[in-house]
Amino acid sequence: VHYAVISPLVTNITVGTKDIKIKVTSKKINADVMMKPLSKTLDGKIHIAGMTATMKAQPNGDVVIKSDVGSFASLLDTVKQFYTIEDLPKIDGKLNVSVLVKKNQDILLNLTSPQVIYHADRKTDNVIDNVKFVLSKKGPDIRLNAYTLTYDKMKIFSTKPSIIKM
């Protein structure tokens, strides 16, 4: 972990009559969050290196986080700014991520991409189209609810969920 990119982590909290504003900053992290205790809502925007995510909390306690990753290269560049990672394959494509965290701590994760290109070597590109993965966590179990993708004109998909016991 590269602690220098998150240190110092500065937090500024402003408490108003109807809202609470929270701003968190460091060299590579910038987050702005607005809480409205009376309506029990939270809205925020988080910038981590080159990526942006939005966050919304509902009165029922559910939290939704969404991010559109412009490219796998930018995602990898962002991760490399925080962690030492070596020898990863070259992957091109766009990634959309949506996370729903329920009040009871259940989690639903959606990953979609119109196209992913895996460069196996200089001459070999593996193209995967229409990628969609839906994962969830309920209690100690992680479930791959559904997946679909198209590889070499073959449509690959799930018909039943897969459960991973922890």
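These figures come from a predicted structure and were not determined experimentally.

Cut-offs used in this document
- Residues numbered from 1 in each chain as written.
- Predicted model: local features only at pLDDT ≥ 70, side-chain atom pairs only at ≥ 80, totals over all residues.
- Heavy atoms only, no water.
- Pairing = 2+ DSSP bridges.
- Helix = DSSP H or I, 4+ residues; strand = E, 2+ residues; numbered from the N terminus.
- Core = buried A, V, L, I, M, F, W, Y, C linked by side-chain atoms within 4.5 Å.
- Buried < 20%, exposed > 50% of the residue type's maximum accessible area, 1.4 Å probe, protein only.
- Contact = heavy atoms within 4.5 Å.
- Polar contact = N/O pair within 3.5 Å; in protein donor to acceptor, adjacent residues only side chain to side chain.
- Patch = residues over 30% accessible without salt bridge, like charges linked within 9 Å, V, L, I, M, F, W, Y side chains within 5 Å.
- Areas by Shrake-Rupley, 256 points an atom, 1.4 Å probe, with all protein chains shown as cover.
- Salt bridge = Lys/Arg side-chain N within 4 Å of Asp/Glu carboxyl O.

Student: Quick question: what am I supposed to make of the pairing of strand β9 (residues 107-119) here?
Tutor: Every other side chain in a regular strand lies on the same face of the sheet, so the side chains alternate between the two faces. Note that strand β7 (residues 90-93) and β9 share 4 bridges and pair antiparallel. Residue pairing across strands places glycine 93 opposite valine 116, the latter belonging to β9. In the sheet, strand β8 (residues 95-101) pairs with β9 via 6 bridges, with the strands oriented antiparallel. Its bridge partner being in β9, serine 98 is matched across the sheet by asparagine 110. With 12 bridges joining them, β9 and strand β10 (residues 125-138) adopt antiparallel strand pairing. Residue pairing for β10: serine 113 is matched across the bridge by valine 131. Counting the residues between successive antiparallel strands, the hairpin from β9 to β10 contains 5 residues.

Student: What exactly am I supposed to notice about the nonpolar core here?
Tutor: Nonpolar side chains tend toward joint burial in soluble globular proteins. In terms of nonpolar packing, the biggest core is built from 6 residues, these being Val69, Phe72, Leu95, Val116, Val131 and Leu149. Those residues in contact with valine 69, other than ones at most four positions away along the chain, are Met51, Ser74, Leu75, Lys94 and Leu95.

Student: Would you take a moment to explain the environment of glutamine 81 for this structure?
Tutor: Positionally, glutamine 81 belongs in helix α1 (residues 72-82). Take glutamine 81: its relative accessible area is 25%, and that puts it in the partly exposed class. Considered as a pair, glutamine 81 and isoleucine 6 are 75 residues apart in the sequence and their alpha carbons are 10.0 Å apart. Contact partners of glutamine 81, with chain neighbours within four places excluded, come to His2, Val5, Lys28 and Ala49.

Student: Which parts of the structure should I look at to understand the side chain of serine 113?
Tutor: Looking at where serine 113 falls in the secondary structure, it is placed in strand β9. Among the polar contacts made by the side chain of serine 113, one reaches the main-chain carbonyl oxygen of glutamine 115 at a distance of 3.2 Å. The contacts of serine 113, once residues within four sequence positions are left out, are Phe72, Lys94, Asn130 and Val131.

Student: Explanation requested: a nonpolar patch on the surface in the structure shown.
Tutor: Residues Val1, Tyr3 and Tyr83 make up a contiguous nonpolar surface patch of roughly 360 Å² in combined accessible area. For valine 1, the location among the structural elements is in the segment before β1 (10-15).

Student: Can you help me understand the pattern of salt bridges in this one?
Tutor: Any two side chains of opposite charge can pair, given that their charged atoms come close. For the structure on display, the rule yields 2 salt bridges. Among the ionic pairs, lysine 23 bridges to aspartate 32, the shortest N-O distance being 3.2 Å. Here lysine 23 falls in the partly exposed class, since its relative accessible area comes to 35%. Since its relative accessible area comes to 34%, aspartate 32 is described here as partly exposed. Lysine 56 is paired through a salt bridge with aspartate 43; the nearest N and O atoms lie 2.9 Å apart. With lysine 56 in strand β5 (residues 51-57) and aspartate 43 in strand β4 (residues 41-48), this residue pair connects regions lying 13 residues apart in the sequence. Exposure remark for aspartate 43: the relative accessible area of 35% places this residue in the partly exposed category.

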